[in-house]
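Observations on the three-dimensional arrangement
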Amino acid sequence: MIRSKLRMLIATLVFAAGAAGANAATCSNNPAEFPAWLESFKAEAIASGISPRVVQASLSGVTYDPRVIKLDRNQKHFKQPFAVYSARVVSAGRVARGKKLMAQYANALARIEKQFGVPGPILIAIWGMETDFGAGSGNMSTFRSLSTLAFDCRRTDFFQEQLMDALKIVQRGDLAPGDMKGAWAGEIGQTQFMASSYVRFAIDFDGNGHADLRHSPVDVLASTANYLKGYGWQRGGSWEEGSANFNVLRQWNKAEVYAKSAALFADKLVGKQ
């Protein structure tokens, strides 16, 4: 019975995909229209090459989340003065923890720097600032968050791309649908990759066959280095404000206060401050 129902669902979605090629899912600010939009997006995903099984496993039962929209309209933390923001994200306790992790992962960090040219202190700093070294990676459904934001008209094109790439993460076997959890805007893993960055930069550095940014710190650190390298990180260069690498940090997070805090954190890890 289950297989029969699944075959019927696949047939329905594949049929719908034919129409979706000409008519992309249209955004709306009316939550009542979300279910119809989601069905249209499912058809688009299948038409683009995502397995119907992946689509069903990932998007079945997904509902609109008004909390995500509220959070999207109220982002204020990067508007804080540097002294206020940095005091919160570069705390003494976090720096102390970062130094212990520098020692714990010294061998992996050395291999990562050799391959990607990005030094351990900046990777540890980003890891600490993003999720307190994995403790605060988030537990919100990535597919629910991204579907809600893709449906909403404020940044629909960007988030429809993210939602499609989230399906690709499942399709290539990096994470199961149930592991696709993170922050409210769909960021995934211990350094908070958007799905498109996950698809582009996440790598399997621990050798288990999966680029797992939720559970593998080694994959997290190497993938973060790969991201920074991809945006032009210069091996052996400074990360201080005004440097080329500081500008790369601005590609990671466009807020200047974030990049300045990451540089400060890295300085503290190596004893400069």
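Residues numbered from 1 in each chain as written. Predicted model: local features only at pLDDT ≥ 70, side-chain atom pairs only at ≥ 80, totals over all residues. Heavy atoms only, no water.

**A few points about the pattern of salt bridges**
This is how it is decided: By convention in these notes, a salt bridge is any Lys or Arg side-chain nitrogen within 4 Å of a carboxyl oxygen on Asp or Glu. Any residue under 20% of the maximum accessible area for its type is buried, any over 50% is exposed, and the rest in between are partly exposed; the area is computed with a 1.4 Å probe on protein chains only. Helical segments are the DSSP runs of H or I of at least four residues, strand segments are the runs of E of at least two, and each set is numbered from the N terminus.
Inspection of the entire model under this criterion finds 10 salt bridges. Ionic pairing is found between Arg-67 and Asp-65, a salt bridge with its closest N-O pair at 4.0 Å. Among the residues examined, Asp-65 registers a relative accessible area of 5% and is labelled buried. Note that Arg-94 and Asp-132 form a salt bridge whose closest N and O atoms lie 3.3 Å from each other. With a gap of 38 residues between them, Arg-94 in helix α6 (residues 92–104) and Asp-132 in the loop between α8 (120–131) and β1 (140–141) connect regions that are remote in the sequence. Here the salt bridges do not stand alone but share partners, grouping Asp-72, Arg-73, Asp-152, Arg-154 and Arg-155 into one network.

**Concerning the packing of helix α3 (residues 52–59) against helix α10 (residues 156–171)**
Here is the rule we go by: The axes are straight lines fitted to the C-alpha atoms, using for helices just the contacting stretch, and the angles between their N-to-C directions are given from 0 to 180°. Orientation is classified from the angle alone, with under 35 degrees giving roughly parallel, over 145 giving roughly antiparallel, 65 to 115 giving roughly perpendicular, and any other angle giving oblique. The handedness criterion is simple: a crossing whose near helix is rotated anticlockwise from the far helix by less than a right angle is left-handed, and one whose near helix is rotated clockwise is right-handed. When checking whether two residues touch, look at their non-hydrogen atoms; a contact exists if any pair is within 4.5 Å.
At a minimum axis separation of 10 Å, α3 and α10 run at an interaxial angle of 110 degrees. Classed by the angle they form, the pair α3 and α10 counts as roughly perpendicular. Judged by the sense of rotation from one axis to the other, the crossing of α3 with α10 is right-handed. Residue-level contacts link Val-54, Val-55, Ser-58 and Leu-59 of α3 to Leu-163, Leu-167, Val-170 and Gln-171 of α10.

**Quick notes on the packing of aromatic side chains**
The description of an aromatic ring pair rests on the distance of the ring centres and on the angle between the ring planes. Condition: A pair of Phe, Tyr and Trp rings is counted when the ring centres sit within 6.5 Å of each other, with Trp represented by its six-membered ring. The angle between the planes then sorts it: under 30 degrees is stacked, over 60 is edge-to-face, the rest tilted. For a lysine, the NZ atom is tested; for an arginine, the CZ atom; a charge sits over a ring if that atom is within 6 Å of the ring centre and within 35 degrees of the ring normal.
The tally for this structure, following the rule as stated, stands at 16 aromatic pairs. Centroid distance Trp-37 to Phe-41: 5.5 Å. Interplanar angle 20 degrees. Geometry classified as stacked. Taken together, the positions of Trp-37 and Phe-41, both in helix α2 (residues 34–47) and 4 residues apart, correspond to about one turn of that helix. By the burial criterion, Trp-37 is buried, and Phe-41 matches it. With a centroid separation of 5.8 Å and an interplanar angle of 65 degrees, the aromatic rings of Phe-193 and Tyr-227 are classed as edge-to-face. Separated by 34 residues along the polypeptide, Phe-193 in the loop between β2 (181–182) and α11 (195–201) and Tyr-227 in helix α12 (residues 217–230) bring together distant segments of the chain. Feature note: the residues Phe-34, Trp-37, Phe-41, Tyr-64 and Phe-151 constitute an aromatic cluster, connected by ring pairs. The aromatic ring of Tyr-231 is capped on one face by Arg-200, whose charged end is 5.5 Å from the ring centroid.

**Description of the state of the cysteines**
As used in these notes, a disulfide is a covalent bond between sulfur atoms, one from each of two cysteines. As a reminder of what qualifies: The term disulfide is used for any two cysteine sulfur atoms that are within 2.5 Å.
Under the counting rule described, the total for this entry stands at 1 disulfide. The disulfide that involves Cys-27 links it to Cys-153, with 2.1 Å between the sulfurs. Across the disulfide from Cys-27 to Cys-153, rotation about the S-S bond amounts to roughly 100 degrees, and the bridge is consequently right-handed. Placement of Cys-27 in the loop between α1 (2–20) and α2 and of Cys-153 in the loop between α9 (142–151) and α10 is noted, with a sequence separation of 126 residues between them.

**Some points on the side chain of Asp-174**
With respect to the helices and strands, the residue Asp-174 is situated in the loop between α10 and β2. Asp-174 sits in the buried class, given a relative accessible area of 9%.

**Observations regarding the nonpolar core**
Stated precisely, the cut-off is as follows: What makes a nonpolar core is a set of buried Ala, Val, Leu, Ile, Met, Phe, Trp, Tyr and Cys residues whose side-chain atoms join them at distances within 4.5 Å.
Residues Ile-122 and Leu-228 are the most contacted members of the largest nonpolar core, which totals 84 residues. With 9 residues, the top contributor of residues to this core is helix α14 (residues 256–269). Excluding anything up to four places from it in sequence, Leu-228 contacts Val-118, Ile-122, Leu-123, Ile-126, Trp-233, Val-248, Leu-249 and Trp-252.

**Quick word on the packing of α2 against α3**
Formally: Gly counts as polar in this scheme, as do all residues outside two lists: the nonpolar Ala, Val, Leu, Ile, Met, Phe, Trp, Tyr, Cys and Pro, and the charged Asp, Glu, Lys and Arg.
Across the interface, α2 lies against α3 with an axial gap of 9 Å and an inter-helix angle of 150 degrees. Viewed along their axes, α2 and α3 adopt a mutual orientation that is roughly antiparallel. Of the two possible hands of crossing, α2 and α3 adopt the one that is right-handed. Taken together, the residues of α3 that come into contact with α2 (itself represented by Leu-38, Phe-41, Lys-42, Ala-45 and Ile-46) are Pro-52, Val-55 and Leu-59. For the contact of α2 with α3, a count of residues per class yields 7 nonpolar, no polar and 1 charged.

**Some details on unusual backbone geometry**
Trans is the common state for peptide bonds, and a negative phi is the common state for residues other than glycine. The phi dihedral of Phe-133 falls on the positive side, at around 65 degrees, and the residue is not glycine. Looking at the secondary structure, you find Phe-133 in the loop between α8 and β1. Of note, the phi angle at Gln-192 is positive, near 60 degrees, even though the residue is not glycine. Tracing the sequence through the fold places Gln-192 in the loop between β2 and α11. Judged by its relative accessible area of 14%, Gln-192 is buried.

**Quick word on the environment of Arg-111**
Relative to the helices and strands, Arg-111 is located in helix α7 (residues 106–116). Residues Arg-111 and Phe-205, spaced 94 residues apart in sequence, show a C-alpha to C-alpha distance of 9.8 Å. With residues up to four places along the chain from it excluded, the contact list for Arg-111 reads Phe-205 and Val-218.

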